[in-house]
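If you want the building blocks of each chain, they are given just below.
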Amino acid sequence: MTPASQWNGQFSCFDLVARADSYTRTVVHAGGVEIGGGNFVVMAGPCAVESEHQVLETAEAVAAAGAQVLRGGAYKPRSSPYSFQGLGVEGLKILGRARDATGLAIVTEVMSPEDVGVIAEYADIMQVGTRSMENYALLQALGRCERAVLLKRGMTATLEELLRSAQIIAMHGNPNIILCERGIRTFETATRNTLDIAAVPVLKTVSHLPVIVDPSHAAGVRCLVPTLARAAAVVDADGLLVEVHPCPERAMSDGNQSLTFREFRNMMDDLQPYLALREEARQPRPQLLKVGGAD
Ligand code: PEP
Ligand code: MN
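Residues numbered from 1 in each chain as written. Chains lettered and ligands numbered in written order. Predicted model: local features only at pLDDT ≥ 70, side-chain atom pairs only at ≥ 80, totals over all residues. Heavy atoms only, no water.

Quick look at the overall build of the protein now. A count of helices and strands for the protein gives nine helices and 10 strands. Dimensions of the protein along its principal axes, counting C-alpha atoms only, are 75 × 40 × 40 Å. A buried classification covers 52% of the 295 residues belonging to the protein. Considering only contacts in the protein between residues 6 or more positions apart, those separated by 24 or more positions represent 71%. Accessible area for the protein stands at about 13400 Å²; split by element, carbon and sulfur atoms hold 52% of it. Taken as two groups, the 27 positive and 33 negative side-chain charges of the protein have centres that lie 2 Å from each other. (Helix = DSSP H or I, 4+ residues; strand = E, 2+ residues; numbered from the N terminus. Buried < 20%, exposed > 50% of the residue type's maximum accessible area, 1.4 Å probe, protein only. Contact = heavy atoms within 4.5 Å. Areas by Shrake-Rupley, 256 points an atom, 1.4 Å probe, with all protein chains shown as cover. Lys, Arg positive; Asp, Glu negative; His and termini not counted. Charge placed at Lys NZ, Arg CZ, Asp CG, Glu CD.)

Dropping the structure here:
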């Protein structure tokens, strides 16, 4: 019996993303970074691209602290029409310059199938936000695109629905998918969303795709982000997506949950013992030598 059979074949109809055996895992390669190959990949940066200075400063700070991927939205899905909507193509160009300056790979959100082409010119990883997980035209367009896709769980979506969306991308030709748990809506209001930490081991059991955690949108407040990041490391997530801003009080979106540079550095330092522990736990254990007597 495989661990995945606990779920009685619930996910096996999504044959391109479901795990058929216990050893096959997808390793996604994007902009020189390997996601799902055993490393813990940290993607960090502002919620939104606001200016060249803001992005370059953040890119340098997060790279120095150990991030491998720069995040930043140029096309923003804002719930209010009065909020900052993103810089669009100008924002993509800024991200491109940050990649040239730091060597970081770029992840940025795509909201509509019409934008896939232009965003793919600048991004190494195309982010599908929680509000777009069921935008089937977008999923199909990303299936036809050659870039890796970071697929966020819809805020009211089950894991089955998340894998169904992943299957659509894969069916249209793109197997390079990273799943992301970013918190779901529950009756709890103390956090912006409820981080479903069990989603990580479930997804890693039933699917061969890498799974990362976004502690920022789950928490909604920056003081919880390092603790949720630690939880992600302990449950064997393949990495994190974290919001960082040079001056969170002045951020044009999600400042409340964005870490300062210093907080991000501290979070990265604090993660190290947990990452070392999980590395150690992966090593084969030496057989205990039994001396004398039968048991
Ligand atoms: C984001 O990453 O800034 C974002 C909008 O995330 P989500 O889709 O999870 O709300
Ligand atoms: Mn955000």
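Moving on, there is more to tell.
At a minimum axis distance of 11 Å, the contact between helix H5 (residues 159-171) and helix H6 (residues 199-206) shows a crossing angle of 45°. On the basis of their axis angle, the class for H5 and H6 is oblique. Note that H5 runs across H6; the crossing there is right-handed. In this structure, H5 contributes Leu159, Leu162 and Leu163 to the contact, and H6 contributes Ala199, Val202, Leu203 and Val206. For the contact of H5 with H6, the per-class residue count stands at seven nonpolar, no polar and no charged. (Axes fitted to C-alpha atoms, helices over the stretch in contact; angles between N-to-C directions. Parallel < 35°, antiparallel > 145°, perpendicular 65-115°, else oblique. Left-handed = near helix turned anticlockwise from the far one by under 90°. Nonpolar A, V, L, I, M, F, W, Y, C, P; charged D, E, K, R; others polar.)

Coordination of the manganese ion (ligand 2) by the protein involves Cys47 (SG), His217 (NE2), Glu243 (OE) and Asp254 (OD), with metal-donor separations of 2.1 to 2.4 Å. Counting along the primary sequence, the residues that act as donors to the manganese ion (ligand 2) give the motif C-x169-H-x25-E-x10-D. In this pair, Cys47 is assigned in the loop between strand S3 (41-45) and helix H1 (52-64) and Glu243 in strand S10 (residues 239-243), connecting sequence segments 196 residues apart. Accessibility classification places Cys47 together with Glu243 in one group, the buried group. (Donors = N, O, S within 2.8 Å, 3.2 Å for Na, K, Ca; no water.)

Further remarks concern the sheet that holds strand S9 (residues 211-213). Reading around the barrel, the eight strands line up as S3-S4-S5-S6-S7-S8-S9-S10 and close back on themselves, with parallel pairing between neighbours. On average, each strand axis in the sheet is inclined to that of its neighbour by 25°, with strand direction left out of account. When strand S7 (residues 148-152) meets strand S8 (residues 177-181), the two strands line up parallel, connected through four bridges. The residue bridging Leu151 from the neighbouring strand is Leu179, located in S8. (Pairing = 2+ DSSP bridges.)

Ligand 1 sits among Cys47, Arg71, Lys76, Glu109, Gln127, Gly129, Thr130, Arg131, Lys152, Arg182, His217 and Glu243. Between ligand 1 and the protein, one listed contact pairs an oxygen atom with a side-chain N or O atom of Arg71 at 2.8 Å. In the complex, the protein chains occlude 97% of the 300 Å² of accessible area that ligand 1 would expose alone. Considered class by class, the residues forming the shell around ligand 1 number one nonpolar, four polar and seven charged. (Near = heavy atom within 4 Å. Polar contact = N/O pair within 3.5 Å; in protein donor to acceptor, adjacent residues only side chain to side chain.)

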